[in-house]
Amino acid sequence: MNQYIWLIPILPLAGFIINGLGRNSLSKNVIGFIGSLLVLVSFGLSLAVFFQIKSSGHPINVTYFDWISVGALKIPFAFLVDQLSAIMLLIITGVGFLIHLYSIGYMHDDNGFGKFFAYLNLFVFFMLLLVMGSNYLIMFIGWEGVGLCSYLLIGFWYTNPSYADAAKKAFIMNRIGDLGFLLGIFLIIHIFGSIDFAIIFPKAASLTASQTVPLTAITLLLFVGAVGKSAQLPLFTWLPDAMAGPTPVSALIHAATMVTAGVYMIARSNIFYSLSPFTMELVAIVGLATALFAALIALTQTDIKKVLAYSTVSQLGYMFLGLGVGAYTGAFFHVLTHAFFKALLFLGAGSVIHAMSGEQDMRKMGGLKGKIKITFATMLIGTIAISGIPPFSGFFSKDEILAHAYAHSTTFYVIGVFTAMLTSFYMFRMLYLTFYGKFRGTHEQEHHVHESPATITIPLIVLAILSMIGGMIGVPEVLGGHHELEHFLAPVFEKSNAILGEHHLQASTEFILMGFSVGVALVALVYAWFKYAKNGSVPVADTEERPALTSISYNKFYIDELYDLIIRKPLDFLSTFFYNVVERLGIDGLVNGLGKGTIETSKGLRLLQTGNVGFYIFIMVLGIIAVLAYSIFGLTKI
Amino acid sequence: MSTFYFIAFLSIFFSILVITAKNPVHSILYLILTFFTFTVHYILLNAQFLAVVNFIVYMGAILVLFLYTLMLINLNKESEPVKPFMVKIAGVFGGGILAVALASSLKLVATSNPVILKNPDLGLVKNLGKVLFNEFLLPFEVSSILLLSAMVGAVLLATKDPKTAS
Amino acid sequence: MDSLTNTIHAVPLNHYILLSAIIFSIGVMGVLIRRNAIVIFMSVELMLNAVNLLLTAFSVYRGDASGQVFVFFIMALAAAEVAVGLAIIVMIYRNTNSVDINVLNRLKW
Amino acid sequence: MNTLIIISVLPIVLLYLGLYKATKSLLPVTIIGLLVALGLAIAQWNNVALPIYHGMMMFDNFAIAFSGITIIATILILMLSKGYFDKISKHVAEYYAIILFSLAGIIVMVSFYNLVMLFIGIEIMSVSLYILAGIKKSDFASNEAALKYFLMGAFSTGFLLFGITLLYGTTGSFSLEVIRDWVLAHPHADPMFYTGIVLIIVGLCFKVGAAPFHFWTPDVYEGAPTLITAFMSTVVKTAGFAAFLRLFSACFAPLSDFWVPVLLVITVITLFIGNITALYQQSFKRMLAFSSISHAGYLLFAIVALGSGSANSVFIYATAYSIASIIAFGSLILVQQQSGSDNFESFNGLAKSNPFLAFVLTIAMLSLAGIPLTAGFMGKFFMFSGALAKYHVWLVIIAVVNAIISIFYYFRVIIAMYFRTADRTELVVPAYYKVVFIISALVTILIGVYPDFIARFI
Amino acid sequence: MTVSILIFLPVVAAVIVALLKNGIAKHAALFFSVAELVIAGLFLSKFIPDATTQFAIDVPWIPKFGIYFSAGIDGISMVMVLLTTLLVPLIVLSTYQHKYNNEGAFYGLILFMQAGLLVVFTALDGFLFYVGWEAALIPIYFICALWGGENRIRITIKFFIYTFAGSLFMLVGIIYLYLQSPGKTYDIHEFYRIGLDAKHQSLVFWAFFLAFAIKMPLFPFHTWQPDTYTEAPTAGTMLLSGIMLKMGIYGVIRWLIPNAPLGFVHWQALVMILAVIGIIYASLIAFNQKDGKRLVAYSSIAHVGLIAAGIFAWTEVGVQGAMIQMLNHGINVVGMFFIWDIISRRLNTRDISQLGGIAKVAPKFSIAFLIIVLGTVGLPLTNGFVGEFLLLNGVFEYSAYHYFNIALAAVAGLTIIFGAVYMLRMYKNVMQGETNELTATFTDISGSEKLTLCIICMLIIAIGIYPHPILHISEAAVNNLIQTIKIKQY
């Protein structure tokens, strides 16, 4: 298998090239077929790799060529597939395939069909590169590559300037994180002389306590990268805006895969983090804050995709909370389950939008339950899963994180549970607003509502099943499970766990915690039902006044405006200031002033040439006197 | 000895008159007197040949030429516009300081050896002729070019060109 | 003759130099304060004569004839210069009816 | 020596030719005569040079090289005179004769071995130039130039003579050899000697147009007929520096501690005055006059940093400067004839109407500005090298600043020719001019690319 | 086979091309420049990538002054030669759609400039280096001033005087070194052996630094650059930005630091700070530029600032990064200016605010534009990334003061953010959105434009994916140089 491993990323790349070159000449069917099939083959190969690793327990490490080598710094182009990346491979290619399939139906009427598939394939390629890289730089290639694809796909409908802006924003915010990542890489090179995972992690594990100081810097810098990519506070605002892209993109990139790259990266670097408690704490706090913050915003959103977007941010916050409290497996588990249900929810939302002829505002929906049954059913499953209601997948992963959080700090736990309650509330709010009550859209829309074609519904169904049962691979022991995932990933987190120590909660405590979190989720569910399904209350139109708190939430805490005020405006001001004042008047003014000064001097000096012989001779005489004076006084020195 | 100082005084006196006389013709006349004192100096230094040449060439030829030109262009009046007073002051100061500077840079206040006539025949025509036509033959010949050039030039410039307009 | 030459016996060389320097400076002064080109030219002649005198004095002092020969050349030059100079002045006078050097200020700046 | 004889006799021949109205033959005879003189000079190359005629002159390689370059430059300038003097008056023969007299003086200047010869050489040259400056008798500017030049020249001669006299007074001789021996014997020389040096510096600086004794230069250059200006700014300047260098390297080198500061200051003032003033000139001719002052500043480097390479530096610099100036003045004559003005504007659009003329003039300007691959750069390069070798770092930095300033005004011509447009008809470039331009441009490039062939001379 | 072929072929070609008529000159120029590229390729194929100088020529020029026509190619020069010979044909090709007055002169000047550039990049003699340095300047001055925009006269003379000023100081430095050299020659290796004290090295350092800083241009010596780039004809801008500014960078590597290591150490922190300030400063200014060419000009200052910072860090990683980034920057910036040339030729404007939506009407163009943008912002798997990574790493490794390096690298690293900001802003405003009346008329690229952009894009991606061969060319030479200087320092 090892010698074919390169096929996994190369196949989507081939798809990109074929579809990219043939975007105008090939028929849509062929394009869709090629795009999906290649990812499917990749998925097959990934499965094979997965089972090989599962059976052998050894990671696969293959080196291809020297990519950059300067002096002592040698960066090979090499792949490393271990347990962690094997699962990521499955998620990427698996979910990726489903979304490709979905896109065939969803994008069928779009002019840029070929381009879209090319970009999607390219994205898969970069994402695979990200997880397969055997060193940070290859990871970084993928890291930035997915950023590029995200940029391209968000701005897919670039003729709309605000979409183009959203794409730009996403790219730039990612870049802020990337800089941190890059600096982290430099520091790693500086400390370890290499960036190869296989070399540096063992080295790091063997460091003494006093030598771990730089690790804190490294981990902080890497975390900056993760913050950017995974849309954490304070760099999260791009993700909701990224909903400008077509819905499959939101599902694949901005829910299932790319945004979890940050989690993957930290999980990958777990040894570094375990050795830097300060960073761990920070990661947890940032994650928690993000989870809460995004959830609060999601409460009042009216755009169906925006709700999901903030929910994604919030769930990502959960993952970081998990990482921060040392629940690497839990966090990763959540990545997995989140990929299923969030992709499902997005695709479902896409199906809704499709049905509503492009309408995304929930205030104009309602009562769709009976009209698009499959969509409704799958969405319901997804909602339950994300709300953390057993036995659906979200419950297990979320619970594992919360349990670790409890072991770490009660405050974290309380906030976490509160966030879970909010999650449950806004998710069901979305569900009720969309599918229950009366239809609030126009007649045309109502007339037009129909279930989506099979290419759309099949992925929904598959994902719904996965959302339901996906949690089974990580059933904790208190519930009588084996926690397969934990065992499988154990080699990856072995050393970290040794450093952090195992938190073993008592079974009773765990039961209480589970019960508590499920309880609040149910309370929120019921409250939402009363409010939106039973009473049919609808969020107010944009023109009307909102209560202050609602308004703050609806306007995303004015965070975009804040950034505008404290970053963008000052930079723009500096830009104009530098150009008009420093550059034009200052530096260039000095240069031109020198020239002008010389010319002015010339104007003055030439007046010396009066044309008057008497004056000339007078000056000459003065000169002679000066020279003679020199010979009088200068002589004494000689 | 006192003769020297007397003549020196006269030289200075007349030369000052040369530059201060309002009428250019007077200036020339004073200049003739000044040159005459120089001739006396030469005689005192036993440079007889030079005394004679000075007398003939300068006073006889050059100054007459001046005078002649002056008359020719009818400038024998006090027609010269005077320079502004400040300029004159500046000029006098300039010249004065130059004199002082020259004198002090030459350390003239220090005592020095007297001028003693080592070779009484030095300034005689015979002796000078020998030097001139032996050692200084080449410069003598070459200075003919100078004179020739000056002659051609003077003629060229001073003649009225009938067809200048073209 | 002897009596004449004896008179200079006691004159220090410095005094000759001083005399020349003074007359030279008077010449310079003349150049500076006059506007009549001919008078200026005369002042220049004065300067040349001061040099002549000095050369002669040096020549006598050194007992070397070449100084006096040099004077001879200076006189030749003076003659040539006078010829040319007066020609130029005459030429200018023809054009401007003036020998005032302050009129000559079209070439400037 | 034969050279000097030829050049002295040649004008007399010309005067006779003029007398017999053989005006057509004047130029060819002159040029042939000069070529013969040049040949005779070169024939003496590398002969053992001893002072001749009782130590009056010495035709060493230095003298031959400078005679050669001055003769060549004169030939080139005279070739430009075809048809030029006819427009001034009918006394063409006299003009040629006087130019040649002047050249005879220059030959004396570059080969003198006795202060008497120096003096006579300078005076032959100067007196001839006074005349030449005024040959446009009805032209007021020309008159003014002649009188200014004459008065100031005569005035400065006084100082030169005073200086020579003082040297004579201390050393008892005019011979360079004796003076040098005296200097070597008296390391702490007499104050009189020092004053003599100072006054000689003054006199010579006047002749080469160094500040603050430069005032005559712009006015005279502007007023004099352009061809004469060309002669003055090239041949005469070269000769002045040759004489300057010859005197100082032969006699005063051991006393350099004394006179170098004086010349340093003069050099710096000259550079600044020349360059800065040139910047604002509107007349091309006057600009060239100021530029010649600034070049005098650069040439002074060789004397300030007196050394074994000085002669070489001056030679190359003067050559480069001369040939470039000849092109510049030649073009100016043509443009002046066409447009009647010597302003920069009259060069507008020349590149369109006369690409050839514009091109050679560009080369000349680049050379004057000291851009590499032209002779002017080599000249500057040698000058800078020499100065730096003597640790005059600040002098070189000042020179660099000035070189930068100079770009501006030299490029004004190029800009006018190439980048500004004007309606103009094509200028007729006479064949003689073309030859001169081509030779000059080629030599400029040749020296710029491969200076070794000329650097080997001295 | 010596480097003289490489140097003199363009000279001969320049003369030939200059004499040709309009219409033919263009093709001849392309032919000769491609021939030159082929020769360079031959050299490359015979080149042994070690630290030695190969294909050397060494003949007396002015032996009396120790001046030799001495040139040769080592790893560092090889990269520069490649850069020059590669970009010149590209630039010539990019002008194919233009009609210039007096074409022969135009292309002749380009070829002549190429000769000057090649002299600079291969010279082993200080004098020769200087001559080449100026010989490259004259033609570009004329190119810019003859075929430039409206304000060209004032701008180009400023450019000329400014850069000439810098180089004259360098000349003084070179002569100074010559006078100090034990063997009284201009041989660079002799120069390296002069052991001046720190004070004098500082002087030498500044003499050279001024020239190079102006040429690059480094903040705050850059103000000639945006104006000149804007006013110059696009081919001139490409020559300036693509190749000419590398003269300064190359000069730093070859002439500045090795000749004055102690002076360099003394001023290293300052110049690094200047370089980094320049990055931020220029990037910020680029934010709000309306004129596309001017925007690219400022972006070029920022990029060059990073290259400079990488070199001044004087680590192997930094210098190698600079080597490859010089090539990359050349390719990218030529591409970028070509993009703007295409736009301004079609629409007669470079005002970004008037554009928009071009991607819709010109998809091929938009792809090329995007790839060049990505290369410029240094996305992985494009050429820009390799360079920026190494450069930033080099800056990071520079450790004169504790933590200073991290701060410096972080600030310098802002370039990858700011670069993305202004480049994407430009891309968005030009290409995205709806078309307006003006841009609706835009026709997609074809013919020579397509070919040029295609080559550029392929180079961007190829180098990005597999930069190793290029890094390999200069590796030994750079390593050797750095080792030599380090030994000397400590």
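Residues numbered from 1 in each chain as written. Chains lettered and ligands numbered in written order. Predicted model: local features only at pLDDT ≥ 70, side-chain atom pairs only at ≥ 80, totals over all residues. Heavy atoms only, no water.

This part takes up the overall build of chain D. Each helix and strand in chain D was counted, giving 19 helices and two strands. In summary, chain D has a C-alpha radius of gyration of 21 Å against a globular reference of 23 Å for 458 residues, a match within 12%. When the backbone C-alpha atoms are referred to their principal axes, chain D occupies close to 70 × 55 × 40 Å. In chain D, buried positions account for 73% of the 458 residues. A fraction of 79% describes how many contacts in chain D between residues 6 or more apart in sequence connect residues 24 or more apart. (Helix = DSSP H or I, 4+ residues; strand = E, 2+ residues; numbered from the N terminus. Rg over C-alpha atoms; globule rule 2.2 N^0.38 Å. Buried < 20%, exposed > 50% of the residue type's maximum accessible area, 1.4 Å probe, protein only. Contact = heavy atoms within 4.5 Å.)

This paragraph deals with unusual backbone geometry. Residue Leu-233 of chain A is joined to Pro-234 of chain A through a cis peptide bond whose omega torsion reads 0°. Mapped onto the fold, Pro-234 of chain A is located in the loop between helix 8 (213-229) and helix 9 (238-241). Omega for the peptide link from Phe-219 of chain E to Pro-220 of chain E comes to 0°, which places this bond in the cis form. Here Pro-220 of chain E lies in the loop between helix 8 (198-215) and helix 9 (224-231). With a phi angle near 60°, Asn-97 of chain C is a residue other than glycine that sits in the positive phi range. Structurally, the position occupied by Asn-97 of chain C is in the segment after helix 4 (66-96).

Accessible area lost when the parts come together is the quantity often used to give the size of an interface. Contacts between the two partners involve eleven residues from chain B and, on the opposite side, nine residues from chain A. In terms of surface lost to chain A, no three residues of chain B exceed Leu-98, Ala-101 and Ser-105 of chain B, which account for 46% of the buried area on that side. Where chain B meets chain A, there are zero salt bridges. (Buried area = accessible area lost by both parts, 1.4 Å probe. Salt bridge = Lys/Arg side-chain N within 4 Å of Asp/Glu carboxyl O.)

Another point: the nonpolar core. Core analysis: the largest hydrophobic core is formed by 773 residues, its most contacted members being Tyr-136 and Phe-272 of chain A, Phe-248 and Trp-259 of chain D together with Phe-365 and Phe-389 of chain E. Each residue touching Tyr-136 of chain A, except ones within four places of it in the same chain, is listed here: Phe-181, Ile-185, Ile-188, Ile-195, Phe-197, Ile-200, Phe-201, Leu-222, Ser-269 and Phe-272 of chain A. (Core = buried A, V, L, I, M, F, W, Y, C linked by side-chain atoms within 4.5 Å.)

When the UniProt feature table is mapped onto this chain numbering, "domain: NADH:quinone oxidoreductase/Mrp antiporter transmembrane" (unreviewed entry) sits at residues 114-406 of chain D. Summarising residues 114-406 of chain D: 81% helix, 0% strand, and an end-to-end C-alpha distance of 38 Å. (UniProt positions renumbered as here; feature names shortened; annotations may be inferred.)

The end-to-end C-alpha distance of helix 3 (residues 75-94) of chain E is 28 Å, a good match for the 28 Å that 20 residues give at a rise of 1.5 Å each. Counting buried residues along helix 3 of chain E, 19 of its 20 residues qualify, which places the element largely inside the surrounding structure. (Expected span 1.5 Å × (residues − 1).)

When the UniProt feature table is mapped onto this chain numbering, "domain: NADH:ubiquinone oxidoreductase chain 4 N-terminal" (unreviewed entry) sits at residues 67-118 of chain E. In residues 67-118 of chain E, helix accounts for 69% and strand for 13%; the two terminal C-alpha atoms are 18 Å from one another.

Between chain C and chain B, the residue contacts involve 77 residues of the former and 85 residues of the latter. In total, chain C and chain B occlude about 7400 Å² of area from one another, counting both sides; carbon and sulfur atoms represent 76% of this. For chain C, the biggest contributors to the area lost against chain B are Ile-33, Met-42 and Met-75 of chain C; these three give 9% of the whole. The tally of links between chain C and chain B comes to zero salt bridges. Every element with two or more residues in the side of chain C that touches chain B is listed here: helix 1 (2-7), helix 2 (13-33), helix 3 (37-62) and helix 4 of chain C. Looking at the side of chain C that touches chain B element by element, the count peaks at 23 residues for helix 4 of chain C.

Before going further, it helps to spend a moment on helix 12 (residues 284-304) of chain D. Residues and elements named next belong to chain D. Spanning 21 residues, helix 12 covers 30 Å between terminal C-alpha atoms, matching the ideal 30 Å at 1.5 Å per step. Most of helix 12 is tucked away, with 21 of its 21 residues classed as buried. Capping the start of helix 12 is the job of one residue whose side-chain oxygen sits 3.2 Å from the backbone nitrogen of Lys-285: Ser-283. (Polar contact = N/O pair within 3.5 Å; in protein donor to acceptor, adjacent residues only side chain to side chain.)

Let us look at the domain arrangement of chain E. All names here are of chain E. Splitting chain E by domain gives domain 1 (1-259) and domain 2 (269-490). Each of domain 1 and domain 2 has a C-alpha centre, and the two are 21 Å apart. The partner domain 2 presents 54 residues to the 55 residues of domain 1 that form the contact. Together domain 1 and domain 2 conceal approximately 4600 Å² of surface at their shared face, both sides included; 78% is due to carbon and sulfur atoms. Inspection of the region where domain 1 meets domain 2 yields one salt bridge. Between Asp-227 and Arg-294 there is a salt bridge whose closest N-O contact spans 2.9 Å. Looking at the side of domain 1 that touches domain 2, the elements that each hand over two or more residues are helix 3, helix 7 (188-193), helix 8, helix 9 and helix 10 (234-259). A per-element tally of the side of domain 1 that touches domain 2 places helix 10 first, with 14 residues. Within the side of domain 1 that touches domain 2, the residues separate by chemical class into 39 nonpolar, eleven polar and five charged. (Domains from an automatic or database assignment. Nonpolar A, V, L, I, M, F, W, Y, C, P; charged D, E, K, R; others polar.)

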